[in-house]
Amino acid sequence: MPDLLSRLRRDDRGFTLVELLIAMVVFSIIMALLVSIMIQMTYQAHDNLGRQRAVEQARLGLSQIDRQIRSGNLILDPSLDGPSISGVPANYSLRIFTQEGGVDKCVQWRVIYDDPADQFGQLQYREWDPVDTSTTTGWYRVASNVEKPSATFNASDSESWPPFWVDTTLPTGTEAQNIRITLRMGDPETRDDAKAQVLTSVVTGRNTVFGYSSTNCSAVPAP
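Since the model is a prediction, treat every value here as computed from it, not as a measurement.

### Describing the overall build of the protein chain
Phase 1 of the analysis: Helices and strands together make up the secondary structure of the protein chain, namely 4 helices and 8 strands.
Phase 2 of the analysis: In sequence order, the protein chain lays out its α and β elements as α-α-β-α-β-β-β-β-β-β-β-α.
Phase 3 of the analysis: Among the 223 residues that make up the protein chain, the fraction classed as buried is 37%.
Phase 4 of the analysis: Within the protein chain, counting contacts between residues at least 6 apart in sequence, those at least 24 apart form 56% of the total.
Phase 5 of the analysis: Of the roughly 13100 Å² that the protein chain leaves accessible, carbon and sulfur atoms contribute 57%.

### Quick notes on the packing of aromatic side chains
For any pair of aromatic rings, the description rests on two quantities: the centre-to-centre distance and the angle between the ring planes.
Phase 1 of the analysis: Within this structure, the stated rule accounts for 5 aromatic pairs.
Phase 2 of the analysis: Seen in terms of ring centroids, Trp 161 and Trp 165 are 5.5 Å apart; in terms of plane orientation they differ by 50°. Their pairing is tilted. Comparing Trp 161 with Trp 165, the two get one shared label, buried.
Phase 3 of the analysis: Among the aromatic residues, those joined into a cluster by ring pairs are Trp 109, Tyr 125 and Tyr 140.
Phase 4 of the analysis: Seen from the ring of Trp 139, Arg 110 lies directly overhead, with NZ or CZ sitting 3.8 Å from the centre.

### Some thoughts on a nonpolar patch on the surface
Phase 1 of the analysis: Among the surface-exposed residues, Val 18, Ile 22, Val 26, Phe 27, Ile 30, Met 31, Leu 34, Val 35, Ile 39 and Tyr 43 lie close enough to one another that they form a single nonpolar patch of about 920 Å² accessible area.
Phase 2 of the analysis: Considering the arrangement of structural elements, one finds Tyr 43 in helix α2 (residues 17-70).

### Examining the side chain of Ser 93
Phase 1 of the analysis: Tracing the chain through its elements places Ser 93 in strand β2 (residues 93-98).
Phase 2 of the analysis: Given the relative accessible area of 0%, Ser 93 is considered buried.
Phase 3 of the analysis: Side chain to side chain, Ser 93 and Asp 81 meet in a polar contact 2.9 Å long.
Phase 4 of the analysis: Within the local environment of Ser 93, its side chain forms a polar contact with the side chain of Gln 108, the two groups lying 3.1 Å apart.
Phase 5 of the analysis: Residues within four places of Ser 93 in sequence aside, it is in contact with Pro 78, Asp 81, Ser 86, Val 88, Gln 108, Trp 109, Arg 110 and Phe 164.

### Considerations on the environment of Tyr 113
Phase 1 of the analysis: Counting through the fold element by element, Tyr 113 comes out in the loop between β3 (105-112) and β4 (120-128).
Phase 2 of the analysis: Owing to a relative accessible area of 14%, Tyr 113 belongs among the buried residues under this scheme.
Phase 3 of the analysis: Polar side-chain contacts of Tyr 113 include one of 3.3 Å to the backbone oxygen of Glu 147.

### Examining unusual backbone geometry
Phase 1 of the analysis: The phi angle at Asn 91 is positive, at roughly 75°, despite the residue not being glycine.
Phase 2 of the analysis: Mapped onto the secondary structure, Asn 91 falls in the loop between α3 (83-86) and β2.
Phase 3 of the analysis: Phi angles above zero are rare outside glycine, and Cys 217 is one such case at about 65°.
Phase 4 of the analysis: Mapped onto the fold, Cys 217 is located in the segment after α4 (207-210).
Phase 5 of the analysis: Cys 217 gets classed as buried once you look at its relative accessible area, which sits at 4%.

What counts and what doesn't
- Residues numbered from 1 in each chain as written.
- Predicted model: local features only at pLDDT ≥ 70, side-chain atom pairs only at ≥ 80, totals over all residues.
- Heavy atoms only, no water.
- Helix = DSSP H or I, 4+ residues; strand = E, 2+ residues; numbered from the N terminus.
- Buried < 20%, exposed > 50% of the residue type's maximum accessible area, 1.4 Å probe, protein only.
- Contact = heavy atoms within 4.5 Å.
- Areas by Shrake-Rupley, 256 points an atom, 1.4 Å probe, with all protein chains shown as cover.
- Phe/Tyr/Trp six-rings, centres within 6.5 Å; stacked < 30°, edge-to-face > 60°.
- Lys NZ or Arg CZ within 6 Å of the ring centre and 35° of its normal.
- Patch = residues over 30% accessible without salt bridge, like charges linked within 9 Å, V, L, I, M, F, W, Y side chains within 5 Å.
- Salt bridge = Lys/Arg side-chain N within 4 Å of Asp/Glu carboxyl O.
- Polar contact = N/O pair within 3.5 Å; in protein donor to acceptor, adjacent residues only side chain to side chain.

Next up, the structure:
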């Protein structure tokens, strides 16, 4: 009987101070890891939502460009659209001669940054009658938060691709207008290390097949 009482007393004595401290330290480490993971997941969800908003805007722009190309005859070389024509550097503007909606018209797209130092710009659009530039509409904003390429343009480096350029790596025809469109969509509210969502596509004007004159839409209103 005394041996049994002695064992019961030993079993009820609980944790020592050292054991309690060790348990608290282990619990604190586990909690810190869990909080860190939750914060990381929150940031990632926020980044994904920001990019998703930007991508949806860009997709609307790309679908509209695609409709204009399918209804049109001519895509002009974006490298010829400098600041005097579009208000942006070469390969940041795209002109199309199209019959979208059953009406001949010139349309122009551009990616513009309010300040050269800005990281994020806008995808904009305008249109005019091919024989009367006084009918030009204002610039409409189609998408925001278009990020700049990370380097000087190099066709072999996709990170450097501008918004619009003639992709000479693809089969070409008489006027060789296979235009690669690349939009890097981000969000100013995401973390600095958040990666942009890249949308890229290739569109081809019918001038490549049928040889439509490249003088269409050569009269361009002031940017």
